[in-house]
Amino acid sequence: MAFAFCHLLGFSLMPRLKGIAKQRLYLPETPARSDLNNLDAILTRAIDWELIAQQYDEMVKFATALRKRTAEPEAILRRFTRSNIKHPTYRALAELGKATKTIFLCDYLASEDLRREVNEGLNVVERWNGTNDFIFFGKGGEVATNRLEDQEMAALALHLLQVSLVYINTLMLQQVLTGSSWRSRMTERDMAALTPLVHAHVNPYGVFELNMSRRLPLDETVLAA
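Chains are numbered independently. Their residues run from 1 in the order of the written sequence. With pLDDT at 70 or above as the cut-off, local features in this predicted model cover only qualifying residues; side-chain atom pairs require 80 or more to be listed or tallied, and sums for whole chains, interfaces and linings still use all residues. The side-chain figures draw on all heavy atoms in the structure; neither hydrogens nor water molecules are used.

Engineer: What is the right way to look at the overall build of the protein chain in this model?
Structural biologist: For the purposes of this entry, the term helix denotes a DSSP run of H or I that reaches at least four residues, the term strand denotes a run of E that reaches at least two, and both are numbered from the N terminus. Summing up its helical and strand segments, the protein chain has ten helices and two strands in all. What you see in the protein chain, going N to C, is helices and strands ordered as α-β-β-α-α-α-α-α-α-α-α-α. Restricting the calculation to C-alpha atoms gives the radius of gyration, and the globule rule supplies 2.2 Å times the number of residues raised to the power 0.38. Against the globule reference of 17 Å for 225 residues, the protein chain gives a C-alpha radius of gyration of 27 Å, more extended than a compact globule. With the principal axes as the frame, the protein chain shows a C-alpha extent of 95 × 50 × 35 Å. Between buried and exposed lies partly exposed: a residue is buried under 20% and exposed over 50% of the maximum accessible area for its type, with that area taken using a 1.4 Å probe on protein chains only. Residues counted as buried form 20% of the 225 residues belonging to the protein chain. By the convention used here, residues are in contact when the closest approach between their heavy atoms is within 4.5 Å. Long-range pairs, those at least 24 residues apart, make up 61% of the contacts in the protein chain with a sequence separation of at least 6. With an accessible surface of roughly 17,400 Å², the protein chain has 56% of that area assigned to carbon and sulfur atoms. Note on charges: Lys and Arg go in the positive column, Asp and Glu in the negative column, and His and the chain ends are not counted at all. Charge positions come from single atoms, namely NZ of Lys, CZ of Arg, CG of Asp or CD of Glu. Looking at charge distribution, the protein chain has the averaged site of its 27 positive side-chain charges lying 3 Å from that of its 26 negative ones. With residues, only the protein chains shown are counted as cover, and all accessible areas are computed by Shrake-Rupley using a 1.4 Å probe.

Structure, rendered in structure tokens:
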């Protein structure tokens, strides 16, 4: 479904599939199997293009609703629950998704540049999620409330901390790289790996300075109590 809707919305879904060795390629048409004997072990049935053509207008309606945000994705997908798995539009979207996924798998296996692009993009997302986990550490990183206002406040606070961390780190990196000693050491690959999503220098619990030469201004009677 994700491949189908992304195709209808005009952009490509490029995930990193964990079980890629278990993926199957769908045939454009049944007679094509005879020309692909070497791939017979990973080939399956042909795509039902007629069903896609029949339900094309309905699929476009759902995609348009997503683009214009006149309907939520959950509301649209709720129409295609397991009890309605034989819905013709659902089946057509599934067929389109299988065709698009097959094209992606072929490109992914044939192009090293595409595999690198997918992996680099995933690393950026994982870095972002890791930074979010570091910032949003309270209560196990979960929004422990059912109140919409509190959920919105938690999300806005997280977003503010994200922006602040990226802003400060960007200024620090710029200041360091202004010096010729560090700048001259940076290779093109080093520059490509620069990211403001670093937090090793941040103490999320605050900074507490211990001064053994000072005492709290408490007299003996208070201490005795």
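Having seen the model, we can carry on.
Engineer: Is there a simple way to explain the nonpolar core in this structure?
Structural biologist: As a rule of thumb, nonpolar side chains are buried together in soluble globular proteins. Put simply, a nonpolar core is a bunch of buried Ala, Val, Leu, Ile, Met, Phe, Trp, Tyr and Cys residues held in one set by side-chain atoms that sit within 4.5 Å of each other. Counting residues in each nonpolar core, the largest one holds 14 residues, and the members touching the most others are Met59, Ile76 and Leu93. At the level of secondary structure, the elements contributing two or more residues to this core comprise α1 (2–9), α2 (49–54), α3 (56–68) and α5 (88–110). Contact partners of methionine 59, with chain neighbours within four places excluded, come to Leu8, Ile52, Thr89, Ala92, Leu93 and Leu96. Counting six residues, the second largest nonpolar core, distinct from the first, contains Leu25, Ala32, Ala46 and Leu105.

Engineer: Mind showing me how you'd approach the environment of tyrosine 167 here?
Structural biologist: Residue position: tyrosine 167 is located in helix α7 (residues 148–178). Given a relative accessible area of 54%, tyrosine 167 falls into the exposed group. Taking the C-alpha atoms as reference points, tyrosine 167 and proline 196, separated by 29 residues in sequence, lie 7.8 Å from one another.

Engineer: Even after reading the chapter, I still don't get the packing of α5 against helix α6 (residues 112–135), so can you show me in this structure?
Structural biologist: A packed helix pair is summarised by two numbers, namely the angle formed by the two axes and the spacing between the axes. A fitted line through C-alpha atoms serves as each axis, taken over the contacting stretch for helices, and the angle formed by two N-to-C directions is quoted from 0 to 180°. Relative to each other, α5 and α6 sit at 105 degrees, their axes nearing to 5 Å. By the angle between their directions, the pair α5 and α6 is classed as roughly perpendicular. Between α5 and α6, the contacting residues are Asp107, Tyr108, Leu109 and Ala110 on the first element and Glu112, Leu114, Arg115 and Val118 on the second. Residue polarity follows a fixed list, in which Ala, Val, Leu, Ile, Met, Phe, Trp, Tyr, Cys and Pro are nonpolar, Asp, Glu, Lys and Arg are charged, and the others, Gly among them, are polar. Within the contact of α5 with α6, the residues separate by chemical class into five nonpolar, no polar and three charged. Here is the rule for angles: anything less than 35 degrees is roughly parallel, anything more than 145 is roughly antiparallel, 65 through 115 is roughly perpendicular, and the remaining ranges are oblique.

Engineer: Would you explain the packing of aromatic side chains in this entry?
Structural biologist: The relative placement of two aromatic rings is captured by the distance of their centres and the angle of their planes. The rule is short: rings of Phe, Tyr and Trp, with Trp giving its six-membered ring, pair when the centres are within 6.5 Å, and they are stacked under 30 degrees, edge-to-face over 60, tilted in between. One pass over the full model with this rule turns up two aromatic pairs. Between phenylalanine 3 and phenylalanine 104, the aromatic rings sit 5.9 Å apart at their centres with planes inclined by 45 degrees, giving tilted as the arrangement. Here phenylalanine 104 lies in helix α5 and phenylalanine 3 lies in helix α1, a separation of 101 residues in the sequence. Assigned by exposure class, phenylalanine 3 and phenylalanine 104 land together as buried.

Engineer: It is not clear to me how the pattern of salt bridges should be interpreted in this structure. Could you clarify?
Structural biologist: Each reported salt bridge corresponds to a side-chain nitrogen of Lys or Arg within 4 Å of a carboxyl oxygen of Asp or Glu. Per the counting criterion, the structure on display carries six salt bridges. In this structure, lysine 61 and glutamate 58 form a salt bridge, with 3.5 Å as the shortest nitrogen-oxygen distance. Taken together, the residues span about one helical turn, with lysine 61 and glutamate 58 both in helix α3 at a distance of three residues. According to the relative accessible area criterion, glutamate 58 is partly exposed, its value standing at 32%. Where glutamate 95 meets lysine 98, a salt bridge forms, and the shortest distance between an N and an O atom there is 3.9 Å. Of this pair, glutamate 95 and lysine 98 are both found in helix α5, three residues apart, which corresponds to roughly one turn of the helix. The partly exposed category is assigned to lysine 98, whose relative accessible area is 26%. Members of the salt-bridge network, linked through shared partners, are Arg45, Glu95 and Lys98.

Engineer: How should the side chain of asparagine 169 be read in this particular structure?
Structural biologist: Residue placement: asparagine 169 occurs in helix α7. Classification of asparagine 169 as buried rests on a relative accessible area of 2%. Ignoring sequence-local partners within four residues, the contact set of asparagine 169 consists of Pro196, Val198 and His201.

Any functional reading would require information that these geometric values do not contain.
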